[in-house]
Amino acid sequence: MARILIIDDNETMREGLGATVRRMGHEAVLAASGDEGLKHVAPGRPAVDFVITDLKMEGKGGLEVLKAVAERDPDCPVMIATAFGTVETAVEAMRTGAYDFIQKPFAPEVVRLKVSRALELRAERRARERAEAESAALRDDVAREYRFAEIVGETPQMRALFQTIEKVAPTDASVYIHGESGTGKELVARAIHARSKRANGPFVKVNCGALTETLLESELFGHERGAFTGAIKRKLGRFELADKGTLFLDEIGDVTPGLQLKLLRVLQEREFERVGGEETIKIDVRVLSATHRDIANDVATGRFREDLYYRLHVVPCEVPPLRDRKDDIPRLCAHFIAKLAPRTNASIDQAHGITDGALARLGLYGWPGNVRELENVIEQALVFAEGTAIDVGALPASVRGGLPENALAIPGGEMSLPALLEDLERQLIQRAYDKSGGVKTETARLLGIKTSALYYKLEKYGIGTIESRGDKALQNQAADADEEETMLEDGPPGGGGGGHERSR
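Residues numbered from 1 in each chain as written. Predicted model: local features only at pLDDT ≥ 70, side-chain atom pairs only at ≥ 80, totals over all residues. Heavy atoms only, no water.

Caption draft 1: Here's a closer look at the overall build of the protein. If you tally the helices and strands in the protein, you get 20 helices and 14 strands. Counting across all 504 residues of the protein, residues that qualify as buried make up 47%. Across the protein, the fraction of contacts at a sequence separation of at least 24, relative to all contacts at a separation of at least 6, is 69%. Accessible surface, the protein as shown: approximately 24500 Å² in total, 50% of it carbon and sulfur. (Helix = DSSP H or I, 4+ residues; strand = E, 2+ residues; numbered from the N terminus. Buried < 20%, exposed > 50% of the residue type's maximum accessible area, 1.4 Å probe, protein only. Contact = heavy atoms within 4.5 Å. Areas by Shrake-Rupley, 256 points an atom, 1.4 Å probe, with all protein chains shown as cover.)

Caption draft 2: Geometry of the environment of Leu 119. Tracing the chain through its elements places Leu 119 in helix α5 (residues 108–138). Taking relative accessible area as the criterion, Leu 119 reaches 16% and is therefore assigned buried. Through-space distance from the C-alpha of Leu 119 to that of Cys 76 is 9.1 Å; in sequence the pair is 43 residues apart. When neighbours within four sequence positions are excluded, Leu 119 is seen to be in contact with Ala 2, His 26, Asp 49 and Phe 50.

Caption draft 3: Broad picture of the pattern of salt bridges. One pass over the full model with this rule turns up 37 salt bridges. Notably, a salt bridge pairs Lys 114 with Asp 100, separated by 2.7 Å at the nearest N-O pair. Of this pair, Lys 114 sits in helix α5 while Asp 100 sits in strand β5 (residues 100–103), and the two are 14 residues apart along the sequence. The two residues Lys 114 and Asp 100 agree in class, both being buried. (Salt bridge = Lys/Arg side-chain N within 4 Å of Asp/Glu carboxyl O.)

Caption draft 4: Molecular detail of the sheet that holds strand β3 (residues 50–54). The five strands are arranged β2-β1-β3-β4-β5 in an open sheet whose pairing can be described as parallel. Each edge of the open sheet is held by one strand with a lone partner, namely β2 (27–31) and β5. Ignoring which end each strand starts from, the neighbouring axes of this sheet average 20° apart. Strand direction decides the pairing type here: strand β1 (residues 3–7) and β2, joined by five bridges, are parallel. The residue bridging Ile 4 from the neighbouring strand is Ala 28, located in β2. In the packing of helix α3 (residues 62–72) onto the sheet, contacts are made with β1, β3 and β4 (78–82), and the angle to β3 comes to roughly 160°. (Pairing = 2+ DSSP bridges. Axes fitted to C-alpha atoms, helices over the stretch in contact; angles between N-to-C directions.)

Caption draft 5: Up close: the sheet that holds strand β14 (residues 315–318). Strand order in the open sheet formed by five strands is β7-β10-β13-β6-β14, and the pairing between neighbours is parallel. Every interior strand has two partners, whereas the edge strands, β7 (203–207) and β14, have only one. Each neighbouring strand pair of the sheet contributes to a mean axis angle of 20°, computed without reference to strand direction. Pairing of strand β6 (residues 175–178) with strand β13 (residues 286–291) involves four bridges; the strand directions are parallel. Across the sheet, the residue bridging to Val 175 is Leu 288, located in β13.

Caption draft 6: Representation of the packing of aromatic side chains in the model. This structure, assessed with the given rule, holds eight aromatic pairs. Geometrically, the ring pair formed by Tyr 176 and Tyr 309 is edge-to-face, given 6.0 Å between the ring centres and 75° between the ring planes. You can see Tyr 176 sitting in strand β6 and its partner Tyr 309 sitting in helix α12 (residues 306–312), a full 133 residues away along the chain. Just as Tyr 176 is buried, Tyr 309 falls in that class too. Both rings, one in Phe 203 and one in Phe 248, keep their centres 6.2 Å apart while their planes meet at 25°; by these two values the pair is stacked. Here the residue Phe 203 occupies a position in strand β7, and Phe 248 occupies one in strand β10 (residues 246–250), the gap between them amounting to 45 residues. Take Phe 203 and Phe 248: they sit in the same class, and that class is buried. Among the aromatic residues, ring-to-ring pairing joins Tyr 176, Tyr 309 and Tyr 310 into one connected group. (Phe/Tyr/Trp six-rings, centres within 6.5 Å; stacked < 30°, edge-to-face > 60°.)

Caption draft 7: Structural view of helix α13 (residues 329–344). Helix geometry: α13 is bent most strongly at Ala 338, by close to 35°, with proline Pro 342 lying one to four residues after it. All of the buried residues in α13 are Ile 329, Leu 332, Cys 333, Phe 336, Ile 337, Leu 340 and Ala 341. Those residues of α13 that are buried lie in contact with α14 (356–363) and α15 (370–384). (Bend = angle between axes of the 7 residues up to and from the residue.)

Caption draft 8: Focus on the pairing of β6. Relative to β14, β6 runs parallel, the two sharing four bridges. What sits directly across from Ile 177, in β14, is Cys 317.

Caption draft 9: Here's a closer look at the side chain of Ser 174. Topologically, Ser 174 is positioned in the loop between α6 (156–168) and β6. If near-sequence neighbours (up to four positions away) are discounted, Ser 174 is found in contact with Val 287, Arg 311, Leu 312, Val 314 and Val 315.

Caption draft 10: Examining the nonpolar core more closely. Counting residues in each nonpolar core, the largest one holds 31 residues, and the members touching the most others are Leu 220, Phe 239, Leu 247, Leu 249, Ile 252, Leu 263 and Phe 304. Among the secondary structure elements, those contributing two or more residues to this core are β7, α8 (213–221), α9 (238–241), β10, α10 (257–269), α11 (295–300) and α12. Tallying contributions element by element places α10 first for this core, with five residues. In contact with Phe 304, not counting residues within four places along its chain, are Ile 252, Gly 253, Gln 260, Ile 295, Asp 298, Val 299, Tyr 309 and Leu 312. Residues Leu 332, Ile 354, Ala 358 and Ala 381 belong to the second largest nonpolar core, which totals 28 residues. (Core = buried A, V, L, I, M, F, W, Y, C linked by side-chain atoms within 4.5 Å.)

Caption draft 11: How the structure looks around the packing of α13 against α15. Direction vectors running N to C along α13 and α15 enclose 45°, while the axes themselves pass 9 Å from each other. Our classification of the angle between α13 and α15 gives oblique. Judged by the sense of rotation from one axis to the other, the crossing of α13 with α15 is right-handed. Residues Leu 332, Cys 333, Phe 336, Ile 337, Lys 339, Leu 340, Ala 341, Arg 343 and Thr 344 of α13 form the contact with α15, whose participating residues are Val 371, Leu 374, Glu 375, Ile 378, Glu 379, Leu 382 and Val 383. (Parallel < 35°, antiparallel > 145°, perpendicular 65-115°, else oblique. Left-handed = near helix turned anticlockwise from the far one by under 90°.)

Caption draft 12: Structural context of the pairing of β3. For β3, the tally of buried residues reaches five of five residues, placing the bulk of the element in the interior. Side chains Phe 50, Ile 52 and Asp 54 of β3 all project onto a buried face; the interleaved residues Val 51 and Thr 53 project onto the opposite face, where all are buried too. In this sheet, β3 lies alongside β1 in parallel orientation, the contact comprising four bridges. By the bridge assignment, Ile 7 is partnered in β3 with Thr 53. As judged from the four bridges shared by β3 and β4, these two strands associate in the parallel manner. What sits directly across from Asp 54, in β4, is Ala 81. Where the polypeptide runs from β3 across α3 and back to β4, its parallel neighbour, the crossover connection is right-handed. (Right-handed = clockwise from strand over helix to strand, strands pointing away.)

Just distances and angles here, no functional claims.
Rendered as structure tokens:
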């Protein structure tokens, strides 16, 4: 049912048009003058879908009404009706923005036809407005096809998380996602939406912690034109845009107490009004929320409403921090290398793109920034990596320095003793090389080996850059030198491996 405003100073004509409109099943709002009619097209009043106005009236005439409606609600079509119609008047009305022009007297069937066409135009304009609002609001947040592969993990904590997602997704229950910053709470929300019966609807997110209370209210519920300074046109809110889909309220713990009450009402009643408006908008939205805060503690201290907490906390979903699932680090690294290497460092082998030593070092780091920090570390390491794999030397200093001064990283997984000893040797050489600033003679001194032996080791483990001028000769000398007594020497290929017993 549409709301149609009829403005005419002739009571018989006004009532006749009203009766025709009501028989079509619409609401007729009648006004005897332009000034009276424009009171119904104002901020805070229920929206008008179509205006039929007489051309010649005392006070404001039809053309003035047309211009005022165009300023207040550009999408509302206006039809001019007059007994004094001329070609010039019709042209002027159409140039001013009139949807149509009708000359008195007119048959009811003509009025019905024009009303139907005008309402179709209004619906098209509203659909375009919604599409433009969705495009602007969701341009950087397109709900893409989602796969569990984007949530990487096979540890018991992650398997439990996957089971929760699978169970809760087909329902319409509100899900409360809790986890530290960077753990992937939004990925969990997207996975729930993708597996729900609303998967074909929109997935709309709002970062509640990034906006002030006033801006967040407008972002959530929208506003009418003129609702506040700067509101030059109507804006659809995220609740409205998420109709028949899912709304993800990220960092819900940062919402102010004043706005918490309005959120509670929407969750309970499934309806709201835009800021500055009186029209009640009904919605069908599933709400997912997430936060890194301890909301239960905020409830106990009175900072967060208990009734809203229980509305959101129907199904709790805990996302574990990375430090509690370090066995997933190799899988996450492989995922990020496959994702980032093609555009960052194409020479990296996507199947074996990181050494065991680098993985061991990552496993000993604390990861305060969780999975997000790991992705940043891998991207930075790809930039500085040489060869086909990320080695310890390519990792950021903050990660490389995450070990005690004299500690060595024990590689994970099953390794033979010779392979394990080689990895420890490589770490010792890398540490000395970094400490000496890449000066090879100083590196050899710190290790207690001859420079000629060091060159062979540097080449063997791909550490640093071997110079070409006199370095090749030193490498050749290393093959003939008797250096078995040095701390790390195990000789060139084919020369035996007895040096490992003395490497520690």
